[in-house]
Amino acid sequence: MGDAIDTIIEQWRRERPDLDLSAMDVFGRLAQAMRLMAPQVDRVFTKHGLRQGEFDVLAALRRAGPPYTLIPSELSEVLMMSRAGMTNRIDRLEAAGLVERSLDPADRRSFLVRLTERGLRVIDDTLTEHAANLARLAAPLGREEMATLAGLLRKLADSME
């Protein structure tokens, strides 16, 4: 017995037997997995007072290593988003006391964004729970299956860039 994706593919095979639908099957399952995963991931972020985009900014600063500081253009580049969108995220995080801004001594036209002590605690706590949550969601796959899937998805994404 199949699932909704199997039903859709079977219906299309019946109506359009001339088409190769294997890619539709793959991308349909990717979309379905993301739809099912999103609320479970968001629950962890919400518990820590964050949205996905705010988590991404804090995580980028944390990955930068001590002193957990980047300039906004670096954050925009790392997160592949506009500078205007980045400014909004930084504003929200600063208002929450998770980051602070200061003038960049190397370039007075720019400023530095740095994790506060509170921001460091929040990202570390959130990341710990987020990693455990993702591991739980991926638990039906073995380590080798996860490595194979990650490699296949990397190959697919590389081909699209």
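One can find the structure itself at the top, above this paragraph.
Below, the structure is looked at part by part. Small disclaimer: the values here were computed from a predicted structure and weren't measured.

Description of the overall build of the protein chain
Moving on, step 1. In terms of helices and strands, the protein chain carries seven helices and three strands.
Moving on, step 2. Secondary structure of the protein chain in N-to-C order comes out as α-α-α-β-α-α-β-β-α-α.
Moving on, step 3. For 161 residues, the compact-globule estimate of 2.2 N^0.38 gives 15 Å, and the protein chain exceeds it by more than 25% at 20 Å.
Moving on, step 4. Considering only C-alpha atoms, the protein chain reaches an extent of 65 × 30 × 25 Å along its principal axes.
Moving on, step 5. Out of the 161 residues belonging to the protein chain, those deemed buried represent 27%.
Moving on, step 6. Within the protein chain, contacts between residues separated by at least 24 positions form 49% of all contacts whose residues are at least 6 apart in sequence.
Moving on, step 7. Accessible surface, the protein chain as shown: approximately 11,000 Å² in total, 57% of it carbon and sulfur.
Moving on, step 8. For the protein chain, the distance from the average position of its 23 positive side-chain charges to the average position of its 25 negative side-chain charges is 4 Å.

Details of helix H1 (residues 4-15)
Moving on, step 1. Helix length check: H1, at twelve residues, gives a terminal C-alpha distance of 17 Å against a target of 16 Å (1.5 Å per residue), a fit within 8%.
Moving on, step 2. Its side-chain oxygen at 3.2 Å from the backbone nitrogen of Ile-5, Asp-3 defines the N-terminal cap of H1.

Observations regarding the nonpolar core
Moving on, step 1. Ranked by internal contacts, the top residues of the largest apolar core, which has 22 residues, are Leu-50, Leu-58, Leu-61, Leu-75 and Val-99.
Moving on, step 2. In terms of residue count, helix H3 (residues 52-63) provides more of this core than any other element does, six residues in total.
Moving on, step 3. Look past the residues within four positions of Leu-75 in its chain and what remains in contact with it is Val-57, Ala-60, Leu-61, Leu-70, Met-86, Ile-90 and Val-113.

With respect to the pattern of salt bridges
If the charged atoms of two oppositely charged side chains come close together, the side chains can form a pair.
Moving on, step 1. By the definition in use, this model includes twelve salt bridges.
Moving on, step 2. Here Arg-29 and Asp-6 are joined by a salt bridge, their closest N and O atoms 2.6 Å apart. With Arg-29 in helix H2 (residues 22-47) and Asp-6 in helix H1, the pair connects residues that are 23 residues apart, well separated along the chain.
Moving on, step 3. A single network of salt bridges, built from pairs that share partners, joins Asp-3, Asp-6, Asp-25 and Arg-29.

Looking at the packing of H3 against helix H4 (residues 72-79)
Moving on, step 1. The contact between H3 and H4 brings their axes to 10 Å, and the two run at 110°. Our classification of the angle between H3 and H4 gives roughly perpendicular. Mapping the contact onto sequence places Asp-56, Val-57, Ala-60, Leu-61 and Arg-63 in H3 and Leu-75, Val-78 and Leu-79 in H4.
Moving on, step 2. When its residues are assigned to classes, the contact of H3 with H4 shows six nonpolar, no polar and two charged.

Overview of the pairing of strand E2 (residues 99-104)
Moving on, step 1. By the bridge criterion, six bridges tie E2 to strand E3 (residues 107-115) in an arrangement that is antiparallel. Bridge pairing in E3 links Glu-100 to Arg-114.
Moving on, step 2. Here E2 folds back onto E3 in antiparallel fashion, the turn holding two residues.

Calculation criteria
Residues numbered from 1 in each chain as written. Predicted model: local features only at pLDDT ≥ 70, side-chain atom pairs only at ≥ 80, totals over all residues. Heavy atoms only, no water. Helix = DSSP H or I, 4+ residues; strand = E, 2+ residues; numbered from the N terminus. Rg over C-alpha atoms; globule rule 2.2 N^0.38 Å. Buried < 20%, exposed > 50% of the residue type's maximum accessible area, 1.4 Å probe, protein only. Contact = heavy atoms within 4.5 Å. Areas by Shrake-Rupley, 256 points an atom, 1.4 Å probe, with all protein chains shown as cover. Lys, Arg positive; Asp, Glu negative; His and termini not counted. Charge placed at Lys NZ, Arg CZ, Asp CG, Glu CD. Expected span 1.5 Å × (residues − 1). Polar contact = N/O pair within 3.5 Å; in protein donor to acceptor, adjacent residues only side chain to side chain. Core = buried A, V, L, I, M, F, W, Y, C linked by side-chain atoms within 4.5 Å. Salt bridge = Lys/Arg side-chain N within 4 Å of Asp/Glu carboxyl O. Axes fitted to C-alpha atoms, helices over the stretch in contact; angles between N-to-C directions. Parallel < 35°, antiparallel > 145°, perpendicular 65-115°, else oblique. Nonpolar A, V, L, I, M, F, W, Y, C, P; charged D, E, K, R; others polar. Pairing = 2+ DSSP bridges.

Honestly, that's just the spatial picture; any functional story needs more than this.
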